[in-house]
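# Geometric and topological summary
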Amino acid sequence: MSWCPDCRGLSQTPFDQWQFVRRTVLCLSWALLFILRTGDLWALEFGEVRWGFNGSIQRHEFNLCSIDLINPSAEAFQGPIEIAPGGSIYNSFPLVEPDVYIEPGATRTIQFTPYLGSEMPEWEVRWGRSLKADLPMPQRENNVPVAVQFRNPQAASKPILGIEAFSELDFPIGAPGTKTLGTVVLDHVPRWDEIRRKAFRDWLGSGGKLFLIGSRDGTTLEFPAPLEELNIKADRFSVGQGTVIRHAPIQDAAEIAELARQLTPMDPAPNGLNNNYNNSLNPRAAGISQLVHSLQARVRPNHNWPLIFFLAVTYLLMLFPGIWIFSRKRGDFRVTYAAVLGTVALFSWLYAEVGKRGYDETTGLHEMMIVEPLGKERVLQSSYANLFVTDGGEYPLSARGDGAIFSLDAGGTDSARFSGSATMINRPDAKLIPDVPPFSSCSFLSQSVISTPQDYSLEITKFESSNGGIQIEARVGGGIPPDAKVFFVSTASTGAELTPHDGSWGNRTGLIPLSSLFPVSYNYGWGQTSPGDLDNNLRA
């Protein structure tokens with residue numbers, strides 16, 4: 001009842017208050033259901049997932065992954081798409097395509113280039129509000145670059161038999177990440193935009209092999225820039241470090257003996273152990289792991305261990321029997337407690353000062369780069385780096401050049417040892433954004449193609465072998481400094497150092513074991529590696 005007879009319409013009984021609460025809860029429930037329903041409208045579907053250039057992957061390399069995403073709903077999808085290895089260890093390292101738009105009922109192809117190391121966890125695709133799905137993984141692995149023919153899915157011509165086909169529409173926008181592709185067969189001019197033509201030229205210049213097959217109707221293949229070098233009228237010629245071979249029209253790949261050898265490599269296993277590939281003995285994996293560890297060692301705290309041990313022994317002796325004897329003589333517990341607290345505070349400060357000198361309190365980035373000349377004043381740069389920070393936080397890293405890609409997993413398992421989190425933005429605007437805890441390291445790998453006026457090419461001009469030894473002469477590009485160390489590696493176990501003489505570079509000794517050219521220092525326990533040993537490790 002209301003206290004005012006004229007205000008009876010404004011009064012609320014307990015029943016009216018309950019009705020108000022019930023309606024409020026009902027409205028909030030409908031709002032929550034609408035939000036969840038909106039998320040369901042963004043449920044995407046897989047059309048097809050294509051790994052690599054023939055449905056296979058290669059470990060310890062960047063691997064192409066093309067995903068067809070279908071939007072079956074009546075609402076357009078717009079937002080990020082990311083892929084990441086499953087499991088709690090890897091959930092903090094996604095590879096992200098930041099802004100994707102898919103119309104209702106449409107299909108969109110998204111391309112990623114993840115680095116696949118020694119471990120092979122299951123991957124998943126994520127989008128929307130915490131929606132995700134398992135990413136189908138390939139069933140095949142290759143230990144050598146593959147050979148494929150490029151096909152236009154819309155063309156009506158018959159494919160060449162005996163060789164797997166790759167849709168030219170899936171060729172990536174950058175040469176980084178194409179190391180798993182070794183040989184290409186072309187019998188037509190692909191309809192690419194300029195960025196893909198440039199990427200294909202960079203792939204060929206890095207050492208690829210291209211078979212140009214004459215068209216069946218007799219027309220001449222005319223390639224636009226920057227592929228105009230393919231118009232050279234010769235049966236065999238070089239493009240950068242790559243090779244182009246012309247051949248008459250064929251129906252089966254076996255008709256070309258050199259191409260047939262590419263399809264059936266004699267030694268598919270890099271370690272050659274009865275062709276039974278053992279991933280733990282992969283020389284590339286071992287080399288990358290040693291390189292990363294050497295980079296990490298450059299920021300390893302060089303503590304004064306004798307002083308630390310002396311402080312530890314002194315600290316224990318002061319606590320017992322030092323303070324115990326002192327308390328027996330004084331007999332005042334308050335003085336004893338004060339002595340204990342003072343000792344703990346003093347040695348805490350001493351340990352902090354000694355440790356701080358070891359780190360030297362500097363943030364640094366140590367980087368090792370491998371440069372491969374591509375021709376046309378362009379180089380493929382592979383960078384192995386280790387970032388050490390003293391102040392925790394996000395450190396955005398960008399790579400200059402074309403088609404850049406990043407991976408946090410430079411050594412195959414380093415992401416499992418990284419205690420922070422990181423986001424890798426997909427190209428063309430590739431970035432690595434690691435969130436690094438204080439006084440810790442983050443190792444990563446990146447690749448990009450860089451334009452440079454310097455000549456970093458190497459060409460063997462003389463190679464003579466006889467019973468008396470071996471004679472090597474080489475032309476070294478002007479971009480390589482005269483005091484650089486140049487080595488010729490003959491096999492997996494022998495090589496020779498080349499030195500400048502009379503305008504060219506040559507060897508002064510015969511082939512010697514690589515272990516003497518590239519000594520590697522392993523250090524365990526309390527030992528520290530010297531800067532000179534670290535340089536040798538990085539060179540090795």
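Structure: see above.
I will try to describe carefully the structure that is included in this document. (Residues numbered from 1 in each chain as written. Predicted model: local features only at pLDDT ≥ 70, side-chain atom pairs only at ≥ 80, totals over all residues. Heavy atoms only, no water.)

## Let's talk about the overall build of the chain
Along its length, the chain carries nine helices and 31 strands. Residues classed as buried in the chain amount to 40% of the 540 residues present. Accessible area of the chain: about 29400 Å², with a carbon and sulfur share of 56%. (Helix = DSSP H or I, 4+ residues; strand = E, 2+ residues; numbered from the N terminus. Buried < 20%, exposed > 50% of the residue type's maximum accessible area, 1.4 Å probe, protein only. Areas by Shrake-Rupley, 256 points an atom, 1.4 Å probe, with all protein chains shown as cover.)

## A few points about the nonpolar core
Ranked by size, the top nonpolar core spans 36 residues in total, and within it Ile67, Ile81, Leu408 and Phe444 carry the most contacts. With residues up to four places along the chain from it excluded, the contact list for Ile67 reads Phe46, Glu48, Val49, Ile83, Arg108, Thr109, Ile110, Phe112, Val125 and Leu135. If you look at the next biggest cluster of nonpolar residues, it comprises 24 residues, including Val146, Leu210, Phe223 and Val244. (Core = buried A, V, L, I, M, F, W, Y, C linked by side-chain atoms within 4.5 Å. Contact = heavy atoms within 4.5 Å.)

## Brief notes about the sheet that holds strand S12 (residues 146-151)
The sheet built from six strands is open, its strands ordered S13-S12-S14-S15-S17-S16 with mixed pairing. Of all the strands in the sheet, just strand S13 (165-167) and strand S16 (236-239) have a single pairing partner and so form its edges. The mean angle between the axes of side-by-side strands here comes to 30°, regardless of whether they run parallel or antiparallel. Pairing geometry for S12 and strand S14 (residues 181-186), over four bridges, is parallel. Paired with Gln149 across the two strands is Val185, which belongs to S14. Sheet strands in contact with helix H2 (residues 194-205) are S12, S14, strand S15 (209-213), S16 and strand S17 (242-247), and its direction is about 120° off that of S14. (Pairing = 2+ DSSP bridges. Axes fitted to C-alpha atoms, helices over the stretch in contact; angles between N-to-C directions.)

## Comments concerning the sheet that holds strand S25 (residues 440-451)
As summarised here, the arrangement of the four strands in space is S18-S19-S25-S22, forming an open sheet in which the pairing is antiparallel. Single-partner strands in this sheet number two, and they are strand S18 (364-375) and strand S22 (402-407). Taken over all neighbouring pairs, the strand axes of this sheet differ in orientation by 15° on average, direction set aside. Strand direction decides the pairing type here: S22 and S25, joined by four bridges, are antiparallel. The residue bridging Ser407 from the neighbouring strand is Leu445, located in S25. Here H2 sits on the sheet in contact with S18, strand S19 (378-389), S22 and S25, set at roughly 90° to S18.

## Side note on helix H5 (residues 305-330)
Residues separated by three or four positions in an α-helix point in the same direction, a consequence of the helix having 3.6 residues per turn. Helix length check: H5, at 26 residues, gives a terminal C-alpha distance of 35 Å against a target of 38 Å (1.5 Å per residue), a fit within 8%. The largest bend in H5 is about 35°, located at Gly322. Listed as buried for H5 are Ile308, Leu311, Ile323 and Ser327. Directly after H5, the chain includes Gly331, whose backbone phi takes a positive value near 75°. (Expected span 1.5 Å × (residues − 1). Bend = angle between axes of the 7 residues up to and from the residue.)

## Thoughts on the pairing of S18
In this sheet, S19 lies alongside S18 in antiparallel orientation, the contact comprising eleven bridges. If you follow Met369 over to S19, its bridge partner there is Ser383.

## Brief notes about the side chain of Arg151
Looking at the secondary structure, you find Arg151 in strand S12. Of the side chains bearing the opposite charge, Asp187 lies closest to the buried Arg151, which forms no salt bridge; the N-O distance is 4.8 Å. In this view, Arg151 contacts Ser157, Lys158, Pro159, Ala165, Phe166, Ser167, Glu168 and His188; residues no more than four positions away in its chain are not counted. (Lys, Arg positive; Asp, Glu negative; His and termini not counted. Salt bridge = Lys/Arg side-chain N within 4 Å of Asp/Glu carboxyl O.)

## Some remarks on the packing of aromatic side chains
Counting across every chain of the model gives 15 aromatic pairs. For the ring pair Phe200 and Trp203, a centre distance of 5.3 Å and an interplane angle of 35° mean the geometry is tilted. Of the two residues, Phe200 and Trp203 are both situated in helix H2; the distance of three residues between them amounts to about one turn of the helix. Of the two residues, Phe200 and Trp203, both sit in the buried class. Three or more aromatic residues link up through ring pairs in this structure, and these residues are Phe53, Phe150, Phe166, Phe171, Trp192, Phe200 and Trp203. (Phe/Tyr/Trp six-rings, centres within 6.5 Å; stacked < 30°, edge-to-face > 60°.)

## Considering a nonpolar patch on the surface
Nonpolar side chains collect at one region of the surface, where Phe320, Trp324 and Ile325 lie side by side and expose about 330 Å² of accessible area between them. For Trp324, the location among the structural elements is in helix H5. Note on Trp324: relative accessible area 42%, which makes it partly exposed. (Patch = residues over 30% accessible without salt bridge, like charges linked within 9 Å, V, L, I, M, F, W, Y side chains within 5 Å.)

## Description of the pattern of salt bridges
In total, this model carries 22 salt bridges according to the counting rule given. Note that Lys209 and Glu258 form a salt bridge whose closest N and O atoms lie 2.9 Å from each other. Within this pair, whereas Lys209 is found in strand S15, its partner Glu258 is found in helix H3 (residues 257-263), the two being separated by 49 residues in sequence. The exposure class of Lys209 is buried, given its relative accessible area of 16%. Each of the salt bridges in this network shares a partner with another, and the network as a whole consists of Glu48, Arg50, Asp68 and Asp170.

## Some remarks on H2
End to end, H2 covers 16 Å across twelve residues, agreeing with the expected 16 Å (1.5 Å per residue, within 8%). Of all twelve residues making up H2, nine are buried, and the element is well covered by its neighbours. Among all positions of H2, only Arg196, Arg197, Ala199, Phe200, Arg201, Asp202, Trp203, Leu204 and Gly205 are buried. The positive-phi residue at the C-terminal boundary of H2 is Gly207, with phi of around 125°.

## Overview of the environment of Phe223
Take Phe223: it is sitting in the loop between S15 and S16. Its relative accessible area of 4% is what places Phe223 among the buried residues. C-alpha of Phe223 to C-alpha of Pro190: the two residues are 33 residues apart in sequence and 8.7 Å apart in space. Apart from residues no more than four positions distant in its own chain, Phe223 is found in contact with Leu186, His188, Val189, Pro190, Leu212, Glu228, Leu230 and Asn231.

## Quick word on the pairing of strand S4 (residues 65-70)
Counting buried residues in S4 gives five out of six residues, a clear majority hidden from the surface. Relative to S4, strand S1 (residues 45-51) runs antiparallel, the two sharing six bridges. In the sheet register, Arg50 faces S4, and the bridge partner there is Ser66. As paired strands, S4 and strand S7 (residues 107-112) are joined by six bridges and run antiparallel to one another.

## Observations concerning unusual backbone geometry
Geometrically, the link from Ala225 to Pro226 is a cis peptide bond, its omega value of 5° lying close to zero. Mapped onto the elements of the fold, Pro226 is located in the loop between S15 and S16. The step from Phe320 to Pro321 runs through a cis peptide bond, and the omega angle for that step is 15°. Its location among the elements puts Pro321 in helix H5. In this model, Glu377 sits at a positive phi of 60°, which is unusual for a non-glycine residue.

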